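Secondary and tertiary structure notes
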Amino acid sequence: TISAGGTVLGEALWKALHKGNNNNNQSSVEMYLNIITSTCPLEVVAATTPPSGVDEALWQHESMRHYISGLNKLVVHLAEICTPQTCPKMTATSEWLFLCACHKTPHECPAVDYAFHTLDGAATVLHSSKFFSERKEPPATLFANMIRRLYRIFAHAWHHHNTAFMEFEEKTKLCDR
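Residues numbered from 1 in each chain as written. Predicted model: local features only at pLDDT ≥ 70, side-chain atom pairs only at ≥ 80, totals over all residues. Heavy atoms only, no water.

A look at the packing of aromatic side chains
According to the stated counting rule, one finds six aromatic pairs in the structure shown. When the ring of Tyr67 is compared with that of Tyr151, the centres are 6.0 Å apart and the planes differ by 20°; the resulting orientation is stacked. With Tyr67 in helix H4 (residues 56–78) and Tyr151 in helix H6 (residues 140–160), this pair connects stretches of sequence that are 84 residues apart. Classification of Tyr67 as buried rests on a relative accessible area of 6%. (Phe/Tyr/Trp six-rings, centres within 6.5 Å; stacked < 30°, edge-to-face > 60°. Helix = DSSP H or I, 4+ residues; strand = E, 2+ residues; numbered from the N terminus. Buried < 20%, exposed > 50% of the residue type's maximum accessible area, 1.4 Å probe, protein only.)

Topic: unusual backbone geometry
When glycine is set aside, most residues are seen to have a negative phi, and most peptide bonds are trans. The phi dihedral of Lys173 is positive, around 55°, even though this residue is not glycine. Relative to the helices and strands, Lys173 is located in the segment after helix H7 (162–172).

Comments concerning the nonpolar core
One broad trend across soluble globular proteins is that nonpolar side chains are buried collectively. Residues Leu71, Leu74, Met146, Leu150 and Ile153 are the most contacted members of the largest nonpolar core, which totals 32 residues. Looking at this core, the elements with two or more residues in it are H4, helix H5 (111–126), H6 and H7. The contacts of Ile153, once residues within four sequence positions are left out, are Leu71, Val75, Met90, Ala115 and Leu119. The next biggest cluster of nonpolar side chains, apart from the first, holds nine residues, and it includes Val29, Leu33, Val54 and Trp59. (Core = buried A, V, L, I, M, F, W, Y, C linked by side-chain atoms within 4.5 Å. Contact = heavy atoms within 4.5 Å.)

A look at the pattern of salt bridges
Scanning the model with the defined rule gives three salt bridges in all. Here Glu108 and Lys89 are joined by a salt bridge, their closest N and O atoms 3.8 Å apart. Of the two residues, Glu108 is situated in the loop between H4 and H5 and Lys89 in the loop between H4 and H5; the sequence distance between them amounts to 19 residues. Using a relative accessible area of 40% as the deciding quantity, one classes Lys89 as partly exposed. A single salt-bridge network, built from bridges that share partners, covers Glu30, Glu62 and Arg65. (Salt bridge = Lys/Arg side-chain N within 4 Å of Asp/Glu carboxyl O.)

Here we look at the environment of Ala79
Among the secondary structure elements, Ala79 is positioned in the loop between H4 and H5. Counting along the chain gives 33 residues from Ala79 to Val112, while the straight-line C-alpha distance between them is 7.5 Å.

A short note on the confidence of the model for the protein
On average, residues of the protein score 81 in pLDDT, and 79% of them reach the 70 mark or higher. Of all helices and strands in the protein, the one with the weakest mean pLDDT is helix H1 (residues 8–18) (62), whereas H5 scores best (92). Segment residues 1–5: pLDDT under 50, and 15 contacts once partners within four positions in sequence are set aside and those in other chains are kept. (pLDDT = per-residue confidence, 0-100.)

See the structure below:
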């Protein structure tokens, strides 16, 4: 359990949502994250710091699910300019080519396909009882590998579609989170 952390805004919202009820359930954390990021998107600390008493594993799991949802919105935001024709490979700079790991053998994909494959793969893992059950903790490397692949989407957007990326980031602070 995380005993410290939160912000004045986050703690106040958390108390208002729970009024003494059990605060370690998935729907409570999901609701909290939805409210914070939709009503106060620039409150990065409130969106990334768990309220007092929230189980750390639950917070990480729900934060990842919420993060993937936001990243899906970024990919949709880029859809008109990041196409298989404009970005036939998933690159960040001329030095970095990323292979899509969502196939039996990793291979090149257009950037938009890479993004959707990676997001779908991450969502599938987060909903898997194989990795997430009440009886066991997920492997320590699971989130690290997932984040590494997901951040490649930010790298591509930053280097190839900077104006659209910055427009999205100013409104959501998703990368800051």
